[in-house]
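Chain by chain, the residues:
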Amino acid sequence: MPAISLPLVRKELRQSLRARATLAVENLYVLALVVAATVSVYLANQSGVPLWQCGRDAFYAIAAMQSVLLGLVAAAFAGAMVSGEREQKTEDILLAAPVRVRQVVRSKLVAAGLIVLALLLLSLPISVIFLLLGGLTWPEVAMAYLITAVWLTLALSIGLLSSAMFQRTIAAVPFAIVVTATLDLISLGIAQSGWAPSAIAGLGGLALLQNAASPDFFSLKVPIGAVSLLLCLSLAICLTESALDRVRLAHRRRAASQRIWLMVWLCLLSLLTLGAAAAPDQEMASPPWDDLLGFLSCQAGLIVVFAVVFVSQVPRKADLKALTGGRVGPMDGIFGSGPLAGARYVVLLSVLILVGWTAIWWVNGPSLELPGWRAALGTACLVAGIWVAALLAQFAALCRRVRRGWARRVLAGVLVALFFIGPPALQAWFWRGQDVPPPSSVVLLLTNPFAGCIVSFDPVAPMHGSPFAERIESIIPLGACTLLFLLAFGLCLLFVLWRVRLGYLTPRCSGSAPAD
Amino acid sequence: MAGGAIIRTEDLTVRYDALTAVDSLSLEVPEGSVYGFIGPNGAGKTSTIRVLMTLLEAAEGRAWVGGHDVNEEPEQVRSLIGYMPDFFGVYDHLFVWEYLELFGDLHGLPRASARERAEYVLAVCDLQTKRDAMVGGLSRGMKQRLCLARALLPDPPILILDEPASGVDPTGRYQIRQLIRRLGDEGKTIFVSSHILLELGEVCDHVGIIEAGRLRASGPLEQFVGAGEAGRLLRVRLLTSDADRAAEMLRGVDVVHDATGAAASLDIRIHDDDNAHAEVLAQLSAAGFRIGHIAEERASLEDIYRRMTKGELA
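The rules we used
Residues numbered from 1 in each chain as written. Chains lettered and ligands numbered in written order. Predicted model: local features only at pLDDT ≥ 70, side-chain atom pairs only at ≥ 80, totals over all residues. Helix = DSSP H or I, 4+ residues; strand = E, 2+ residues; numbered from the N terminus. Buried ≥ 20, exposed ≤ 12 C-beta atoms within 10 Å, placed from the backbone. Contact = placed C-beta atoms within 7 Å. Axes fitted to C-alpha atoms, helices over the stretch in contact; angles between N-to-C directions. Parallel < 35°, antiparallel > 145°, perpendicular 65-115°, else oblique. Left-handed = near helix turned anticlockwise from the far one by under 90°. Nonpolar A, V, L, I, M, F, W, Y, C, P; charged D, E, K, R; others polar. Pairing = 2+ DSSP bridges. pLDDT = per-residue confidence, 0-100.

Enquirer: It is not clear to me how the overall build of chain B should be interpreted in this structure. Could you clarify?
Expert: Across its full length, chain B carries eleven helices and 15 strands. When each of the 314 residues of chain B is scored for burial, the buried share is 46%. For chain B, restricting intrachain contacts to residue pairs at least 6 apart in sequence, the fraction spanning at least 24 positions comes to 68%.

Okay, here's the thing in structure tokens:
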């Protein structure tokens, strides 16, 4: 089934373009553009600068104004989309048609996007005039339009979420406008401050445009522009997914919300990647992540957060039945429905981590003398760690003896925390008072995914010269030991989980089912 | 689908916070029937319909439409149903033909056949002259008929109409009744909810009575009409003033529920059956009573409803 429904896009366009407000907005916008262009050229000319410089300054002034105005227009347009259907009492009729909620919501977004894009392209003739004055190049003009388009996507998604959140358009539209304007101003402030992870500045159209003036904006060494745009788009997808969830029925909402968190994670990863990639080359007072190990620590924290998110998604028994209809596969439930659903998420996670690592390795690898296969091994350890954490959470969710839903969530949290923190804590206990870690503590440490990742990167330093660790490393990389352990542990868990699951949904002759 | 039931619910329960709007509702709507779903305001009719339409999630229980589970296969369920909600809006900035074209496209109808169907449903709903009008310019009744036209457009095997005649003038109500009867004759399954019983009584062959979220009764209309004190009422005027004697005689006849007489007027309540009618007339003639005039009244749906419900709200 296609992601959008063309008939719905056509309907939205017909409705929006026939409304009087649209006509007024279009005319006012063109008027504002012409006035702004004339005034900016006049002012630049008065200051005595060369004509090509006038054109360049005026172009960026217009682009900034366009970014602000269209951001607000986009938020306002999208802000009326879902709440408008509710107010007109057309929502039920629309959702009763054989069309998916996501098609309805995305079609509305596309329609609003097309209207705003048309407004954006209205300024093209003016931009061409500035281009002919000689102070600009085609790529610069194209980049400014691309940046504005990405920012408008975010503004549209803010409007859409606001529209899905509020029942009334009169509340949804002002809220969307205020949030959009605030984001624009805050991100500009961050960009002006020169704070290190300035990819955050990529959340605002103005800040993006300001960054675009820098020659390094899209350079490979410091890919701040690319990450900014990625961040902006990721957030837009997150907000759209959230809007979708507010229109969906509850049991579908629970299954879908994992995607949102995945996207949040992608945003954070993008930020970290940028921070790590930019840090060695940027002259900053106190770079927050000045080496790969620092990056790894941050990513470890992120994985814990991600595991906690998984724990919060532990399904109730009723949800699980609704999701699976009683036909249960070993990976159903926490990952969604269907035997391949879980695998899909794990693969996606792996790709995301791999992208982050590859970016780091590409930029910093040669100076850190980090071979590619070691980076891959570290990545594999992290992915396997996430997989095992998710399986532990599911195991807790299906525990018959723990009857309360909140208690099962606590249990899941404890199990995941033990899995991540337990081995290093025990290792520290065995190692106490000794210069070199004993073999027992080395073995313990190798059951931890983060430790596995670190020893993949640098096999000797974390073990503090342990002869036992060195002997193992000479036979098989230490990181590979962790990976093998995690895979074996995960498979065992999967088997147990499958057995538990079969019993979970089978009615018992005696005893009672866990209460939710 | 089980036993020819095209719509089936099993222990369906809908809750809004503390309020249980629908309470363990189990009903079956036979394929090809015109099923009247009746109950007072707030009884749970619309909540049940919204679950069937996959617009609302049941707290407990399950529902199937055309054999598809409403939770698991919502798109298939929706493709089988033409739905007309009780309160609805239309897209005021579209033309009537654009409005129908939109829903034809959403139902995946090829453009040519959608156009043909649109012309047909506009004719059926008496809106041909409004084909090129803006939807916003239509009257309330016309919008109601346009909504019905939209529901009929994909030619669905099932129609779910929630209070279809509310806000419509008497002529419009008559037209909607005629249309429901005609669609029922064409073999469509029609699930129609209303609290205006006179309208439903004329078109339904099955009824379900819901009160306070619970199903009080469900089945063929004859089943209720034939049971209890209801049935046909014969109003007879004799040529002589011995109706009390005739009433006493008739009370002993099997097919007669009750008979009362005063002077020349005789009221006889019998089974809803032509044979019962003939039997009574034969008995009266055989006993020598001369009949001047006879009129027949059927027990109304209102009688049945009053008998089944207690006036509770959900």
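Enquirer: How do you make sense of the packing of helix H3 (residues 96–106) of chain B against helix H4 (residues 111–124) of chain B when you look at a structure like this?
Expert: The axes of two packed helices give the description: the angle between them and the distance between them. Residue and element names in this part refer to chain B. Viewed as axis vectors pointing N to C, H3 and H4 meet at an angle of 130 degrees, and their least axial separation amounts to 10 Å. With respect to their mutual orientation, H3 and H4 come out oblique. Relative to H4, H3 is oriented so that their crossing is right-handed. Contact with H3, carried on its side by Trp 97, Leu 100, Glu 101 and Gly 104, involves Ala 114, Arg 117 and Ala 118 of H4 and no other residues of that element. Here the residues of the contact of H3 with H4 sort into four nonpolar, one polar and two charged.

Enquirer: Help me understand the pairing of strand E12 (residues 232–238) of chain B, please; the structure alone is not making it clear to me.
Expert: The two faces of a sheet get side chains in turn, since along a regular strand they alternate between them. Residue and element names in this part refer to chain B. Burial along E12 is one-sided: the residues Arg 232, Leu 234, Val 236 and Leu 238 are buried and none of Leu 233, Arg 235 and Arg 237 is. Summarising the sheet, E12 and strand E14 (residues 265–270) pair through six bridges and their orientation is antiparallel. For Arg 237, the partnering residue across the bridge sits in E14 and is Ser 265.

Enquirer: What is the right way to look at the interface of chain A and chain B in this model?
Expert: The parts lose accessible area when they come together, and the size of an interface is often stated as this lost area. Listed by partner, the interface residues are 23 residues for chain A and 24 residues for chain B. Of all the secondary-structure elements, those providing two or more residues to the side of chain A that touches chain B are helix H1 (6–18), helix H5 (91–95) and helix H12 (250–278) of chain A. Residue contributions to the side of chain A that touches chain B peak at five residues, all from H1(A). Taken together, the residues of the side of chain A that touches chain B sort by class into eleven nonpolar, six polar and six charged.

Enquirer: Would you explain the sheet that holds strand E7 (residues 81–84) of chain B in this entry?
Expert: Neighbouring strands of a sheet are bound in pairs by backbone hydrogen bonds; such pairs are parallel or else antiparallel. Residue and element names in this part refer to chain B. In spatial order, the strands read E7-E8-E9-E4-E10-E11; together these six strands make up an open sheet with mixed pairing. With one partner strand each, in any of the chains shown, E7 and strand E11 (214–220) form the two edges of the open sheet. On average, each strand axis in the sheet is tilted by 15 degrees relative to the strand beside it, whichever way the strands run. Here five bridges tie strand E8 (residues 158–162) to strand E9 (residues 189–194), and the two strands are oriented parallel to one another. Bridge pairing in E9 places Leu 161 opposite Val 192. Along the sheet face, helix H5 (residues 140–152) touches E7 and E8 and points at about 165 degrees away from the line of E7. Here helix H6 (residues 170–185) sits on the sheet in contact with strand E4 (34–38), E8 and E9, set at roughly 150 degrees to E9.

Enquirer: Where do I start with the confidence of the model for chain A in this structure?
Expert: Interpretation of this model should avoid reading the predicted coordinates in detail wherever pLDDT is low. All names here are of chain A. Mean pLDDT over chain A stands at 72; residues scoring 70 or higher make up 60%. In this model residues 328–342 is a low-confidence stretch, pLDDT under 50, and it forms 39 contacts with partners more than four residues away in sequence or in other chains. Segment residues 505–516: pLDDT under 50, and 14 contacts once partners within four positions in sequence are set aside and those in other chains are kept.

Enquirer: What exactly am I supposed to notice about the environment of Leu138(B) here?
Expert: Residues and elements named next belong to chain B. Relative to the elements of secondary structure, Leu 138 occurs in the loop between H4 and H5. The exposure class of Leu 138 is partly exposed, given the 19 C-beta atoms found within 10 Å. Between the alpha carbons of Leu 138 and Val 96 there is a distance of 9.2 Å; along the sequence they are 42 residues apart. Beyond its immediate chain neighbours, meaning those up to four positions away, Leu 138 contacts Lys 130, Ala 133, Lys 143 and Leu 146.

Enquirer: Help me understand the environment of Gly189(A), please; the structure alone is not making it clear to me.
Expert: Within the secondary structure, Gly189(A) is located in helix H9 (residues 169–193). On a C-alpha basis, the gap between Gly189(A) and Leu206(A) in space is 9.8 Å, while along the polypeptide they are 17 residues apart.

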